[in-house]
Amino acid sequence: MGKMKTHKASAKRFSLTGNGKIKMNHSQHRHNLGLKTQKRKRNLRKGAVLSKSMTPAYRTLIQK
């Protein structure tokens, strides 16, 4: 069986930390920003860590 290819769309959106967790950016920070509070927009700027249960599935996509 051949090698599994990296899912390039996922590889651009997710990255691995040193401990093996998967980092991602928050959604909802592209448009309609005038309707959102400053606190909400500030928190959306920060990165987030993918949940433990979703990590194995995404790890196979990004191949690391």
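Refer to the structure presented above.
Residues numbered from 1 in each chain as written. Predicted model: local features only at pLDDT ≥ 70, side-chain atom pairs only at ≥ 80, totals over all residues. Heavy atoms only, no water.

On to the overall build of the protein chain, then. When helices and strands are tallied, the protein chain shows three helices and three strands. In terms of principal-axis extent, the alpha carbons of the protein chain reach across some 50 × 25 × 20 Å. By the burial criterion, 17% of the 64 residues in the protein chain qualify as buried. Long-range contacts, defined as pairs at least 24 residues apart, comprise 54% of the intrachain contacts of the protein chain with a sequence gap of at least 6. (Helix = DSSP H or I, 4+ residues; strand = E, 2+ residues; numbered from the N terminus. Buried < 20%, exposed > 50% of the residue type's maximum accessible area, 1.4 Å probe, protein only. Contact = heavy atoms within 4.5 Å.)

Right, let's get into the sheet that holds strand 2 (residues 22-25). Pairing is antiparallel across the open sheet formed by three strands, whose spatial order is 1-2-3. Looking at strand neighbours, the two that pair on one side only are strand 1 (15-16) and strand 3 (47-49), the edges of this open sheet. Taken together, the two bridges between strand 1 and strand 2 define a ladder with antiparallel strand orientation. Bridged to L16 within strand 2 is I22. (Pairing = 2+ DSSP bridges.)

Here we take up unusual backbone geometry. For Q28, which is not glycine, the phi dihedral falls at a positive 70°. Checked against the element boundaries, Q28 lands in the loop between strand 2 and helix 2 (38-45). Positive phi is not limited to glycine here, since N32 has a value of about 60°. As for its placement among the helices and strands, N32 is situated in the loop between strand 2 and helix 2. Using a relative accessible area of 49% as the deciding quantity, one classes N32 as partly exposed.

Side chains of K39, R42, R45 and K46 sit close together on the surface and give a patch of like positive charge. Within the secondary structure, K39 sits in helix 2. (Patch = residues over 30% accessible without salt bridge, like charges linked within 9 Å, V, L, I, M, F, W, Y side chains within 5 Å. Areas by Shrake-Rupley, 256 points an atom, 1.4 Å probe, with all protein chains shown as cover. Salt bridge = Lys/Arg side-chain N within 4 Å of Asp/Glu carboxyl O. Lys, Arg positive; Asp, Glu negative; His and termini not counted. Charge placed at Lys NZ, Arg CZ, Asp CG, Glu CD.)

Turning our eyes to something else, we now look at the side chain of S10. For S10, the location among the structural elements is in helix 1 (residues 8-13). The contacts of S10, once residues within four sequence positions are left out, are L61 and I62.

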